[in-house]
Amino acid sequence: MTVPSAQPLRLRTLLFVPGDRPDRIPKAAAAGADGIAIDLEDAVALSRKQAARQAVAETLATLPPDGPVIAVRINAVDTGLAEADVEALEPVLGRVDLVIVPMSSSPAAVRAAAALLGKAEARAGMEPGRTRIVPLVETAAGIAEARDIAAADPRVHTLAFGPADLSRELGVTPTADGEELFVARSQVVLAAAAAGRPRPIDGPHLDLDDADGLARSAARARRLGFGGKQVIHPRQIPVVAAAFAPSAEELRWARRVDEAFREAEAAGVSSIRLDDGTFVDYPIAHRARALLAEEAAGRSIDQSPRTPTI
């Protein structure tokens, strides 16, 4: 299967909203996050699953097309609930950009979700492969299999990290500084990169009253190589967005490196030393240009309506 060509997707902030609270979904879409994740899994009691599915489908049909990226977290594929989740989304699947697959502990789980989406797209008359998948890696087995999970199917957009279930399994307490899950987070970042996927999405900071901890957690995630972070309340959005945006100091450095290296390239030189002693060759120049491209993409997205296509 060939996945349709993708437009650049920025997901610095991914705001979760319960699927059984349809009144909150339009508010979440207007909150300023890059994407919203409508949750049919942990946020919805078993007795309310069917009502939530119906409410989500009805609400998605009313959302304006120029809003944030729309993701839906379905139930894990081994629960017997995912099939009904995808079936309920079928009439509005064209409004869903990403399907988050929780408890992705093996490539088989991703392929099973992809098969469900393929059947739903066919029944809906959609282009095959349009709906992308974000496996949520939140178990020890998932961390161990992260690279194969990231490469399991062409639908995989990137990975997301789930600290809550993993912490419970490991018997550790998640903290803002994240030392207890440093190795696991690094594995997810490496796996996404090795599979050629965009930078993954870090898990949420669960203490809503800890703004300092949120800022530290987001900054640390960016330093590790994550591209964004899940958020659980709109007031977390500005803090996380600021942490994942290139700083003024980084951009000054990037412009300096880019200008100097372009001059060197024009003269046939591919390694230079700046006046402050910084050594620059192609890997450093590529990093500087990536920061400048990230800034330009952010400006473009912020200054024009975004159509949530992947």
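Calculation notes
Residues numbered from 1 in each chain as written. Predicted model: local features only at pLDDT ≥ 70, side-chain atom pairs only at ≥ 80, totals over all residues. Heavy atoms only, no water. Helix = DSSP H or I, 4+ residues; strand = E, 2+ residues; numbered from the N terminus. Rg over C-alpha atoms; globule rule 2.2 N^0.38 Å. Buried < 20%, exposed > 50% of the residue type's maximum accessible area, 1.4 Å probe, protein only. Contact = heavy atoms within 4.5 Å. Areas by Shrake-Rupley, 256 points an atom, 1.4 Å probe, with all protein chains shown as cover. Lys, Arg positive; Asp, Glu negative; His and termini not counted. Charge placed at Lys NZ, Arg CZ, Asp CG, Glu CD. Expected span 1.5 Å × (residues − 1). Core = buried A, V, L, I, M, F, W, Y, C linked by side-chain atoms within 4.5 Å. UniProt positions renumbered as here; feature names shortened; annotations may be inferred. Phe/Tyr/Trp six-rings, centres within 6.5 Å; stacked < 30°, edge-to-face > 60°. Arc of directions from axis to C-beta. Polar contact = N/O pair within 3.5 Å; in protein donor to acceptor, adjacent residues only side chain to side chain. pLDDT = per-residue confidence, 0-100. Salt bridge = Lys/Arg side-chain N within 4 Å of Asp/Glu carboxyl O. Axes fitted to C-alpha atoms, helices over the stretch in contact; angles between N-to-C directions. Parallel < 35°, antiparallel > 145°, perpendicular 65-115°, else oblique. Left-handed = near helix turned anticlockwise from the far one by under 90°.

### Looking at the overall build of the chain
Along its length, the chain carries twelve helices and ten strands. Relative to the globule expectation of 19 Å for 310 residues, the C-alpha radius of gyration of the chain, 20 Å, shows essentially globular dimensions. In terms of overall dimensions, the chain has a C-alpha envelope of 65 × 45 × 35 Å along the principal axes. Residues counted as buried form 50% of the 310 residues belonging to the chain. Residue pairs in contact within the chain that sit at least 24 positions apart in sequence constitute 72% of those at least 6 positions apart. About 14,100 Å² of surface is accessible on the chain, with carbon and sulfur atoms providing 53% of the total. If you average the places of the 36 positive and of the 42 negative side-chain charges in the chain, the two averages end up 2 Å apart.

### What to know about helix α8 (residues 182–194)
An ideal rise of 1.5 Å per residue puts 18 Å on 13 residues; α8 measures up with 18 Å between its terminal C-alpha atoms. Of the positions making up α8, those classed as buried are Ala184, Arg185, Ser186, Val188, Val189, Ala191 and Ala192.

### What about the nonpolar core?
Counting 58 residues, the largest nonpolar core has Ile36, Ile38, Leu60, Val72, Leu159 and Phe161 as its most contacted members. Looking at which element gives the most residues to this core, the answer is helix α4 (residues 107–124), with six residues.

### Here's the deal with the environment of Leu251
Mapped onto the elements of the fold, Leu251 is located in helix α11 (residues 248–266). C-alpha of Leu251 to C-alpha of Arg289: the two residues are 38 residues apart in sequence and 9.6 Å apart in space. What Leu251 contacts, discounting residues up to four positions off in sequence, is Pro246, Leu291, Leu292 and Glu295.

### Concerning unusual backbone geometry
Positive phi values are uncommon outside glycine, yet Met103 reaches one of about 50°. Structurally, Met103 is set in the loop between β4 (98–101) and α4.

### Looking at the UniProt feature "domain: HpcH/HpaI aldolase/citrate lyase" (unreviewed entry) in the chain
What UniProt calls "domain: HpcH/HpaI aldolase/citrate lyase" (unreviewed entry) maps, in this numbering, to residues 12–234. A distance of 13 Å separates the end C-alpha atoms of residues 12–234, which is 40% helix and 15% strand.

### Section: the packing of aromatic side chains
Remark: the centre distance and the inter-plane angle together describe each pair of aromatic rings, the angle taken between the planes. Counting across every chain of the model gives one aromatic pair. Ring centres of Phe261 and Tyr282 lie 5.1 Å apart, and the angle between their planes is 80°; this geometry places the pair in the edge-to-face category. Of this pair, Phe261 sits in helix α11 while Tyr282 sits in helix α12 (residues 282–303); the two residues are 21 residues apart in sequence, bridging distant segments of the chain.

### Describing helix α3 (residues 82–89)
Inspection of α3 places Ala82, Asp85, Val86, Ala88 and Leu89 among the buried residues, and these make up the whole buried set. Buried residues of α3 fall within an arc of 160° about the axis and therefore sit on the same side. Contacts made by the buried residues of α3 are with α2 (49–60), β3 (69–73) and α4.

### Digging into the side chain of Asp34
The residue Asp34 is located in the loop between α1 (24–29) and β2 (35–39) in this model. Note on Asp34: relative accessible area 5%, which makes it buried. A polar atom in the side chain of Asp34 sits 3.1 Å from the side chain of Arg10.

### Concerning the confidence of the model for the chain
Taken over all residues, the pLDDT of the chain has a mean of 91, while the share at 70 or more is 93%. A low-confidence stretch, residues 1–7 stays under pLDDT 50, and its non-local contacts, those more than four residues away or across chains, total 19 contacts. Taken as a whole, residues 300–310 scores under 50 in pLDDT and shows 30 contacts with residues more than four places along the chain or in a different chain.

### Things to note about the pattern of salt bridges
The final tally for this structure, using the stated rule, is 20 salt bridges. Of the charged contacts, one joins Arg168 and Asp165 as a salt bridge, the two residues approaching to 3.4 Å between their closest N and O atoms. Taken together, the residues Arg168 and Asp165, both in helix α7 (residues 163–170) and three residues apart, mark about one turn of the helix. Relative accessible area serves as the criterion here: at 60%, Arg168 is assigned to the exposed category. Between Arg235 and Asp209 there is a salt bridge, and its shortest N-O distance comes to 3.4 Å. Residue Arg235 is found in the loop between β8 (228–231) and α10 (237–244), and its partner Asp209 is found in the loop between β7 (201–202) and α9 (211–224); the two are separated by 26 residues along the sequence. Overall, Arg235 belongs to the partly exposed group, its relative accessible area being 45%. Each of Asp258, Arg262, Glu265 and Arg289 takes part in a single network of salt bridges with overlapping partners.

### Describing the packing of α9 against α10
Two measures define how a pair of helices packs: the angle their axes make with one another and the distance between the axes. Running from N to C, α9 and α10 cross one another at 30°; their axes reach a closest spacing of 9 Å. One finds that α9 runs roughly parallel with respect to α10. For the pair α9 and α10, the sense of crossing is right-handed. Here Ala211, Leu214, Ala215, Ala218, Ala219, Ala221 and Arg222 of α9 come into contact with α10, specifically with Val239, Val240, Ala243 and Phe244.

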